[in-house]
Amino acid sequence: MFGAVVVGLGVAGSVRIRDMLAPLPGSAAEKLTVKGFVSRRSMGAQEGVEQLSMSEALNRDDVSAAFVCTENESHEEAVRQFLEAGKHVCVEYPMTLSYKAAVELWDLAEEKGVILHEEHIELFTADFKWLKEKVEGQKLQEGVLHFTGGSLKPRFGFLAFSGIARLTWLVELFGELSVHRATLEEDQSNNYSKMTAHLLTADNRPLTWIEERGPGLPRAKKINFKFESFALTELSPPASRGAVGLFMQDLVLFGAKLTGQVSAEELQTEKRRVQHCLNLAQTIQDLCQK
Ligand code: NAD
């Protein structure tokens, strides 16, 4: 069994505790047992799980894994501390707000011989699975993915990093990408921002990624992917019933990594994708802020 702590008791952290208290029967998630949580607020026990200080979480022998579920800005420091202490880490995306820091953390994890896992629940969604099936074997001519959502919460970082889930979709669908151009429109007084990244596939097909956030904007994704003989303009997966929760699926994957059920080759492929996406995000940010 792997004793685990959850750092940051917001939306994601609370789900992590709930899932560890009732793991998917017969899955690798059962190998994780929650030992406590860390919060900046003094909260007392939650659902029978005790509050720990950060130093208890880092030093207790019965804690061998940590879930980092804080705002994006504080991921890097928390992940580094747990890796230094020799603990496995599952961090909610994005792992860090800089590419360089992410590479350092992977190196540290390898040096310590522990698992570093970045959550990507967007890859478990019905929308993504449906898209992946449609796109399989097709040659993209050009495409657009336009995400809208409410104003970004403070401490969640630049749009290219906070929206890494969308970028991860594009890379999983169309392979490794390069950045051709990127721009940012901002109206700080109205909490509005729009990033437009012009990307290219390996065979130079244009792919535009837009992240637009502002008060009252609906949380939605619009797509327009053109192929030789058809276009995908709507996300319309069949309704799925009784599916396992997205965070639970991620917990099962993390548990599988801890118990050696994921091959070294698969780990390497995933690491390459995570680092590639963070590298693209860094390039986009640098271009927008030039
Ligand atoms: P949130 O604002 O609800 O929660 C963040 C929590 O972390 C807050 O309770 C805050 O007080 C706490 N916190 C911050 N710094 C801390 C520290 N140093 N020590 C202890 N606690 C600290 O945000 P959220 O929606 O839960 O998102 C958290 C992370 O999960 C983000 O990285 C986000 O990108 C990722 N994520 C969230 C979702 C989701 O559906 N909410 C989905 C995928 C990924």
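Predicted model only: the values in this text are computed from it and were never measured.

Draft legend 1. Quick peek at the overall build of the protein. Of regular secondary structure, the protein possesses nine helices and eleven strands. Against the globule reference of 19 Å for 290 residues, the protein gives a C-alpha radius of gyration of 19 Å, in line with a compact fold. When the backbone C-alpha atoms are referred to their principal axes, the protein occupies close to 55 × 45 × 35 Å. Counting the 290 residues in the protein, one finds 50% classified as buried. Surface exposure of the protein reaches about 13800 Å², of which carbon and sulfur atoms provide 48%. Side-chain charges of the protein comprise 32 positive and 39 negative groups, with the mean position of each set lying 3 Å from the other.

Draft legend 2. Structural context of the pattern of salt bridges. All chains considered together, the criterion is met by 17 salt bridges. The residue Glu-76 makes a salt bridge to Arg-80 at a minimum N-O spacing of 2.7 Å. Separated by four residues within a single helix, Glu-76 and Arg-80 lie in helix H3 (residues 75-84), roughly one turn from each other. Of the residues examined, Arg-80 reaches a relative accessible area of 25% and is grouped as partly exposed. Between Glu-104 and Lys-100 there is a salt bridge, and its shortest N-O distance comes to 3.2 Å. Taken together, the residues Glu-104 and Lys-100, both in helix H4 (residues 99-112) and four residues apart, mark about one turn of the helix. Residue Glu-104 is classed as partly exposed on the basis of its relative accessible area, which comes to 31%.

Draft legend 3. View of the domain arrangement of the protein. By the assigned domains, the protein splits into domain 1 (2-119) and domain 2 (122-243 + 281-288). In this structure, domain 1 and domain 2 have C-alpha centres spaced 28 Å apart. Counting residues at the interface gives eleven residues for domain 1 and eleven residues for domain 2. Overall, the association of domain 1 and domain 2 removes approximately 1000 Å² of surface from exposure, summing both partners, and the carbon and sulfur fraction of that is 54%. The largest share of the area that domain 1 buries against domain 2 comes from Glu-71, Tyr-93 and Leu-97, three residues that together contribute 43% of it. Ionic pairing is found between Arg-155 and Glu-71, a salt bridge with its closest N-O pair at 3.1 Å. Taken together, the links from domain 1 to domain 2 amount to five residue pairs in polar contact (both at pLDDT 80 or more). Of the residues assigned to the side of domain 1 that touches domain 2, the class counts are four nonpolar, four polar and three charged.

Definitions and cut-offs
Residues numbered from 1 in each chain as written. Predicted model: local features only at pLDDT ≥ 70, side-chain atom pairs only at ≥ 80, totals over all residues. Heavy atoms only, no water. Helix = DSSP H or I, 4+ residues; strand = E, 2+ residues; numbered from the N terminus. Rg over C-alpha atoms; globule rule 2.2 N^0.38 Å. Buried < 20%, exposed > 50% of the residue type's maximum accessible area, 1.4 Å probe, protein only. Areas by Shrake-Rupley, 256 points an atom, 1.4 Å probe, with all protein chains shown as cover. Lys, Arg positive; Asp, Glu negative; His and termini not counted. Charge placed at Lys NZ, Arg CZ, Asp CG, Glu CD. Salt bridge = Lys/Arg side-chain N within 4 Å of Asp/Glu carboxyl O. Domains from an automatic or database assignment. Contact = heavy atoms within 4.5 Å. Buried area = accessible area lost by both parts, 1.4 Å probe. Polar contact = N/O pair within 3.5 Å; in protein donor to acceptor, adjacent residues only side chain to side chain. Nonpolar A, V, L, I, M, F, W, Y, C, P; charged D, E, K, R; others polar.

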